[in-house]
Amino acid sequence: MHNRIKLHAFFFGKNNERKGKSMIVQLIENIYQFLWGEWIHVPLPGGGSLGLSLLIILLLPAGIVFTIKTKFLQIRKFPYAMKETLGRVFKKQDASDGSMTPFQAVCTALASTVGTGNIAGVAGAIAIGGPGAVFWMWISAILGMCTKFSEVTLAVHFRERNQEGDYVGGPMYYIKNGLSKNWHFLAVLFSAFGVLTVFGTGNATQVNTITTAINSALLNFHVISQSSVGTTNLIIGIIVAILVALILLGGIKRIGHVAERLVPFMAFIYIFFALGVVVLNIDQLPAVFGSIINGAFHPASVTGGIVGSFFMSMKKGVARGIFSNEAGLGSAPIAAAAANSDSPAQQGLISMTGTVIDTIIICTMTGLAITITGTWNIGLQGVAVTTAAFQQGLPVPAKVSAFVLMMCLVFFAFTTILGWDYYSEKCLEYLVGGRQKVVKGYRWLYIVCVFIGPFMTVSAVWKIADIFNGLMAIPNLIAIVALSGVVVAETRKYMEQVAQGERAGAKKKAKGMENAQESEVVSNE
């Protein structure tokens, strides 16, 4: 009886007399706090404690484990991984029917991970943890690279063909094909959470971001009045729904084609303008890097004691890095499994670079722009911090800077809609046993939800989406740790193949030089 009272208290709160909150709302908030709140408190020297969320407790050690097991592969093989990835950017390659090229798979994964968090989330982390949060973002990204490599390697290794002959894979399939039947319930849980997550993470919130950004720009330029916002929302909803439908109804290959063009374009535009802020203030760059490094270990010396501590800086930086690139959450392997690649480890290396692009490049550009202009500590929050950085750092009218950032937000949100639809469809496909009629019906439902997204209240949806997104990570992390031996074996196998290819290439080159020298001797005679 006592345990039942404690359980009731956890889910519904110790005091049910809280005004204005129903039991369902309280349930959502308690589950959210359980996953993303301060789950445990670590005592600190000199008093106080460091609160860590359950997801950080699970994700960060996983990155450390795989870094050790693969012997720091993300550092040793990073040049090779970039060479493979960039080589596919400039090399024309067609995917087989129902598949993506390896580069398209990376772009589809980036479509869902590169989003508003790269703009607003980084600003929030720095505002709370100080510039040092950027350093800890880098650390979490380096560890996350190995986690991403591991889950993608498993996804390609354990993938299978569906009824239409397409490659399908991801956490649900490497749980099903790699673990015993006693663990198959984890695959069902992951898939269910993936379907439920998408209506928040990939749909309503993203469409709302698009409409809010466009309305803000139109109001700023006095194109519309406040009274006509409702009509504008209707028009935007129709246009976005039509564009999404045209892409999604074309299937996986069309999603891949759009992603490989739109993702590099939007990333380039944002990096270009963020880099412009940095270059135009280049004289301050050494001091900025100094504040990032110094602030990572002595934040009070940078913030004047106003913001954060060493542990707060670390916590916010690590959290933003993890949740920005989604390493370990299980989403990216779903796209990677569709790649037309014969080597699991090779695709793992290619997908690993997505973490570099998302966190180490794009998030760093945001962090540098905010820190170099000093907008992180002037009392603003979220997107407003980055907008102020662009307005102060670029030699263009403030309205133009705001418009550029608005366009970046629109592109980021739109590609997230595409990426998360693909993830949710594959999760649903697993749950319904591959029945394509159900999946296609769901696709139309998703498109309809895009249309009604501008009219939804999204504050609660964000929280519910974060809950299911966090719940996706738990079965995935259990599976990748349990199957770590497969990751190590596939890595060793691929590296041996690469070494053999390099030796064969060296022998061929040496033989060619020897033949050339012999020909030269003969001609001289």
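It should be emphasised that the depicted structure is a prediction, and the values quoted were computed from it without experimental measurement.

Conventions and cut-offs
- Every chain's residues receive numbers from 1 upward, in the order its sequence appears when written.
- Local features in a predicted model are, by the rule used here, given only for residues with pLDDT of at least 70; side-chain atom pairs are given and counted only at 80 or more, and totals for whole chains, interfaces and linings are based on all residues.
- In computing side-chain properties, one takes all heavy atoms of the structure into account and sets aside hydrogens as well as water.
- Numbering of helices and strands runs from the N terminus, with a helix taken as a DSSP run of H or I at least four residues long and a strand as a DSSP run of E at least two residues long.
- Per-residue accessibility, obtained with a 1.4 Å probe over protein chains only, is compared with the maximum for each type, and a residue is labelled buried under 20%, exposed over 50%, and partly exposed between these values.
- Contacts are residue-level and defined by heavy atoms, with any inter-residue pair within 4.5 Å sufficient.
- Here, Shrake-Rupley sampling with a 1.4 Å probe gives the accessible areas, and only protein chains in the shown set may cover a residue.
- For every residue, the predictor reports its confidence as pLDDT, a number between 0 and 100.
- Ring geometry is summarised as follows: Phe, Tyr and Trp rings, the Trp one being its six-membered ring, pair when their centres sit within 6.5 Å, and such pairs are stacked at plane angles under 30 degrees, edge-to-face over 60 and tilted between the two.
- We count a charge as sitting over a ring when the NZ of a lysine or the CZ of an arginine lies within 6 Å of the ring centre and within 35 degrees of the ring normal.
- Both site types are read off a 1 Å grid over the protein atoms alone. A 1.4 Å probe that fits but cannot get out defines a cavity, while an open set with protein on both sides within 12 Å along at least five of seven lines defines a pocket; lining residues have an atom within 4 Å of a point.
- Grid points are joined across faces, edges and corners, and a volume is the space filled by probe spheres set on the points.
- By salt bridge we mean one thing: a side-chain nitrogen of Lys or Arg within 4 Å of a carboxyl oxygen of Asp or Glu.

A. Molecular detail of the overall build of the protein chain. The helix and strand inventory of the protein chain stands at 22 helices and four strands. Evaluated residue by residue, the protein chain yields a buried proportion of 53% over its 525 residues. Pairs at least 24 apart in sequence give 79% of the contacts found in the protein chain among residues at least 6 apart. Accessible surface, the protein chain: about 23200 Å² in total, of which carbon and sulfur atoms supply 65%.

B. The arrangement of the confidence of the model for the protein chain in detail. Here the protein chain shows a mean pLDDT of 78. Residues at 70 or above account for 78%. Here helix H1 (residues 2-12) stands out as the element of the protein chain with the lowest mean pLDDT, 44, in contrast to helix H9 (residues 171-178), whose mean of 95 is the highest. Here residues 1-12 scores under 50 on pLDDT; set against residues more than four positions off or in separate chains, the count is 13 contacts.

C. Structural view of unusual backbone geometry. Although it is not a glycine, Lys71 sits at a positive phi angle of roughly 55 degrees. Position of Lys71 relative to the elements: it lies in the loop between helix H3 (54-69) and helix H4 (73-76). Its identity is not glycine, yet His222 carries a phi of approximately 60 degrees, on the positive side. Relative to the elements of secondary structure, His222 occurs in the loop between helix H10 (185-220) and helix H11 (229-248). Overall, the relative accessible area of 66% leaves His222 in the exposed class.

D. View of the packing of aromatic side chains. This model, assessed by the stated rule, comprises twelve aromatic pairs. Where Phe135 meets Trp136, the ring centres are 5.1 Å apart and the plane angle is 85 degrees; that geometry is what we call edge-to-face. Neither residue differs from the other here; Phe135 and Trp136 are each classed as buried. For the pair Phe221 and Phe403, a centre-to-centre distance of 6.2 Å together with 85 degrees between the ring planes defines the contact as edge-to-face. A residue pair is termed long-range when its members are at least 10 positions apart, and Phe221 in the loop between H10 and H11 and Phe403 in helix H19 (residues 398-431) qualify at 182 residues. Taken together, Phe135, Trp136 and Trp138 form an aromatic cluster joined through their ring pairs. Taking the ring centre of Tyr167 as reference, the NZ or CZ of Arg159 above it sits at 3.6 Å. The ring centre of Tyr167 lies 3.7 Å from the NZ or CZ of Arg161, which sits over that ring.

E. Just empty space enclosed by the protein, in detail. Throughout the structure, instances matching the rule amount to two cavities of 30 Å³ or more. A volume near 70 Å³ is recorded for the second largest cavity. Forming the walls of the second largest cavity are Val106, Ala109, Leu110, Thr113, Lys148, Val152, Ala332, Ser351 and Gly354. Of all the secondary-structure elements, those providing two or more residues to the lining of the second largest cavity are helix H6 (102-113), helix H8 (132-157) and helix H17 (344-373).

F. Structural detail: the pattern of salt bridges. In total, this model carries three salt bridges according to the counting rule given. Put simply, Lys176 and Glu160 hold a salt bridge, and the shortest N to O gap is 3.3 Å. With Lys176 in helix H9 and Glu160 in strand S3 (residues 160-161), this pair connects stretches of sequence that are 16 residues apart. Residue Lys176 is classed as partly exposed on the basis of its relative accessible area of 32%. The class for Glu160 is partly exposed, based on a relative accessible area of 25%. Glu425 is the salt-bridge partner of Arg443, the closest N and O atoms lying 2.7 Å from each other. Taken together, the residues span a long stretch of sequence, with Arg443 in helix H20 (residues 436-452) and Glu425 in helix H19 at a distance of 18 residues. The exposure class assigned to Arg443 is buried, which follows from its relative accessible area of 12%.

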